[in-house]
Amino acid sequence: MTSPAPGSAAHSAHRKATALAFAAAVGGFLFGFDSSVINGAVDAIEGQFDLNSTVTGLVVAIALLGCALGAWSGGKLADRWGRTHVMVLGAVLFFVSSILSAIAWSAWDLAIWRFMAGVGIGIASVIAPAYIAEIAPAAMRGRLGSLQQLAITVGIFAALLSDQILATAAGSAANELWFGWEAWRWMFLVAVVPAAVYGILALRMPESPRYLVTKDRDDEARAVLASVLGPDEHPDDRINEIRRSIAVDEENAELGSLKGDRFGLKPIVWVGIVMAIFQQFVGINVIFYYSTTLWQAVGFDESQAFLVSTITAVTNVAVTFIAIALIDKVGRRPLLLIGSAGMAVSLGLMAVCFTQATGSGDSISLPDPWSIIALVSANAFVVFFGATWGPLMWVLLGEMFPNRIRAAALGVGAAANWIANFVITLTFPPMLDTFGPAIPYLMYCVFAVLSFFFVLGKIPETKGVELEDMAGEAYKRA
């Protein structure tokens, strides 16, 4: 697709669509920030409240259950209240929970506030891809949808960086920094800034045109469509297409429900759920949540391991631009297949490397040349994930479902993703202690292989397909 000339009406419309997509993707930044900010604080929290490893694990992981609840309910609320109103709700929950986490007086109230933060993040994780898909022109929907994952990776990096700055300023995350507050409390408090930015942006963003049409607010929908589609597209034609798809759904009431004959759900909903689970079951968050342990195993000391973890986070940000550049040219399915194959090979190599490890638990080490191979393989895994499955899952969840069930089905898929994240986060430490790292990485390799065949058989190609025509494309494979 040739880019419109600068200054033209089409160029202005594309800039408007891009600006709205960036604003919606701030929810992804909160998602990434929250998932990593706990890393710098966890040891200090464990010492402050004298916790055992089980309670510490619960405090770390409980936010993921909140995310699952927020994702599951966020889609339904978005259909009832509108996309932007639910964005504001997510921002408020995250803002308040960040303050309460900073002033926590025990592990149990901290767990409650972390759960609340998770609900806000879960809501944001659903609304951003749905909103972006619904305001983006079909020709650039993949690129704009990928901004969600880009924002997530930037959020991860920002959390790691802010944790490092605060811990370094205080000498340790457990030491007092300002006003008698320990550094770990400031790590949580910093999150109020992006939460406030997200809430303010959401208040200023126009509502999704597809939601507006469902509420018979056609004039507002026409204005939004005119601002993002450009002169070659006619808002009235698009509104008619949306109305046609709504009418079809109403004539066939079962199309407007997630319920179906495949274990109680529509086949296309199951496709979204399984895809979301695969994205986590390849073990990507093991790299980010437990990266310091991994890098120390290959020979780095603690400070070097933190630096390498930060470099890995930067790599994750950088490779997302590969997806943004290719998704609307190459398509979704080819990129996913390349990603699955690359992840399978790199994870398989990591599993082989760790069969040569000595020690156990946090005290494992690798001899040369296996340590170098493991280091290269781990970063190759991040590259393949970050350029394919990382952003593409969110793009597909935002666009592959028919209009009538999009937000609700996206919510179910995102909830499955968060639960899978919780399972991987909770199971890796005991698996590491019991079997060593080779078995977990072999298991993640198997899931990467299975994801390849799943894409071949079940994932529809949605490149260039209008959302109103998505039902036919989606159901062909499901």
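Values in this document were obtained by computation on a predicted structure and should not be read as measured data. (Residues numbered from 1 in each chain as written. Predicted model: local features only at pLDDT ≥ 70, side-chain atom pairs only at ≥ 80, totals over all residues. Heavy atoms only, no water.)

A.B. asks: Help me out: how do you make sense of the overall build of the protein chain in this one?
C.D. replies: Counting secondary structure elements, the protein chain contains 20 helices and three strands. Going through the 478 residues of the protein chain one by one, you find that 59% of them count as buried. Here the contacts in the protein chain between residues at least 6 apart in sequence split such that 79% fall between residues at least 24 apart. Looking at the protein chain as shown, the accessible area adds up to about 18,300 Å², and 65% of this sits on carbon and sulfur atoms. (Helix = DSSP H or I, 4+ residues; strand = E, 2+ residues; numbered from the N terminus. Buried < 20%, exposed > 50% of the residue type's maximum accessible area, 1.4 Å probe, protein only. Contact = heavy atoms within 4.5 Å. Areas by Shrake-Rupley, 256 points an atom, 1.4 Å probe, with all protein chains shown as cover.)

A.B. asks: What is the right way to look at the pattern of salt bridges in this model?
C.D. replies: Charged atoms that come close allow side chains of opposite charge to pair. If you walk through the whole model with that rule in mind, you get 13 salt bridges. Two residues, Asp328 and Arg143, come together in a salt bridge whose shortest N-O distance is 3.3 Å. Linking Asp328 in helix α15 (residues 302-330) with Arg143 in helix α5 (residues 141-145), this pair joins segments that are 185 residues apart in sequence. You can call Asp328 buried: its relative accessible area is 15%. (Salt bridge = Lys/Arg side-chain N within 4 Å of Asp/Glu carboxyl O.)

A.B. asks: Teacher, can you tell me more about the packing of helix α12 (residues 267-281) against helix α19 (residues 438-458) here?
C.D. replies: Packed helix pairs are specified by the crossing angle of their axes together with the interaxial distance, meaning the distance between the axes. One way to put it is that α12 packs onto α19 with a least axis distance of 9 Å and a crossing angle of 150°. Taken as axis vectors, α12 and α19 run roughly antiparallel relative to one another. Crossing geometry of α12 relative to α19 is assigned as left-handed. Only Tyr444, Phe447, Leu450, Ser451, Phe454 and Lys458 of α19 make contact with α12, whose side of the interface consists of Val271, Val274, Met275, Phe278 and Phe281. Residues belonging to the contact of α12 with α19 are distributed by class as follows: nine nonpolar, one polar and one charged. (Axes fitted to C-alpha atoms, helices over the stretch in contact; angles between N-to-C directions. Parallel < 35°, antiparallel > 145°, perpendicular 65-115°, else oblique. Left-handed = near helix turned anticlockwise from the far one by under 90°. Nonpolar A, V, L, I, M, F, W, Y, C, P; charged D, E, K, R; others polar.)

A.B. asks: Looking at this model, I keep getting lost on a nonpolar patch on the surface. Mind explaining?
C.D. replies: On the surface, Val92, Phe95, Val96, Ile99 and Ile103 cluster together to form a nonpolar patch covering roughly 350 Å² of accessible area. Secondary-structure assignment places Phe95 in helix α3 (residues 83-102). (Patch = residues over 30% accessible without salt bridge, like charges linked within 9 Å, V, L, I, M, F, W, Y side chains within 5 Å.)

A.B. asks: Is there a simple way to think about helix α10 (residues 218-229) in this case?
C.D. replies: Residue pairs spaced three or four apart in an α-helix point in one direction, given the helix's 3.6 residues per turn. When the terminal C-alpha atoms of α10 are compared, their 16 Å separation across twelve residues agrees well with the 16 Å that a helix rising 1.5 Å per residue should span. Buried within α10 we find Asp218, Ala221, Val224, Leu225, Val228 and Leu229. Down the axis, α10 shows its buried residues gathered within 125° of arc, on one side only. (Expected span 1.5 Å × (residues − 1). Arc of directions from axis to C-beta.)

A.B. asks: So what exactly am I meant to see when it comes to the side chain of Gln148 here?
C.D. replies: Here Gln148 lies in helix α6 (residues 147-170). Beyond its immediate chain neighbours, meaning those up to four positions away, Gln148 contacts Ala25, Gly28, Phe31, Ala124, Ser125, Ala128, Pro129 and Trp394.

A.B. asks: When you look at the environment of Leu69 in this model, what are you seeing that I'm missing?
C.D. replies: Relative to the helices and strands, Leu69 resides in helix α2 (residues 53-81). On the accessibility criterion, Leu69 (39% relative accessible area) is partly exposed. Apart from the residues within four sequence positions on either side, Leu69 is in contact with Phe115 and Val119.

A.B. asks: Can you help me understand the environment of Ala323 in this one?
C.D. replies: Within the secondary structure, Ala323 is located in helix α15. Through-space distance from the C-alpha of Ala323 to that of Leu150 is 9.5 Å; in sequence the pair is 173 residues apart. Every residue in contact with Ala323, bar those within four places of it in the chain, is listed here: Ser146, Ala387, Pro391 and Leu392.

A.B. asks: Can you walk me through the side chain of Gln279 in this structure?
C.D. replies: Mapped onto the secondary structure, Gln279 falls in helix α12. In contact with Gln279, not counting residues within four places along its chain, are Ile284, Phe385, Trp389, Gly390, Met393, Trp394 and Asn417.

A.B. asks: Would you mind going over a positive patch on the surface with me for this structure?
C.D. replies: Taken together, Lys76, Arg80, Lys215 and Arg404 make up a surface patch of like positive charges. Summarising the element assignment, Lys215 is placed in the loop between α9 (209-214) and α10. Its relative accessible area of 37% is what places Lys215 among the partly exposed residues. (Lys, Arg positive; Asp, Glu negative; His and termini not counted. Charge placed at Lys NZ, Arg CZ, Asp CG, Glu CD.)

A.B. asks: Help me understand the packing of aromatic side chains, please; the structure alone is not making it clear to me.
C.D. replies: Both the distance between ring centres and the angle between the ring planes are used here to describe each pair of aromatic rings. Considering all chains together, one arrives at 13 aromatic pairs under this definition. Ring-pair connections join several aromatic residues into one group, and the members of that group are Phe278, Phe281, Phe447 and Phe454. (Phe/Tyr/Trp six-rings, centres within 6.5 Å; stacked < 30°, edge-to-face > 60°.)

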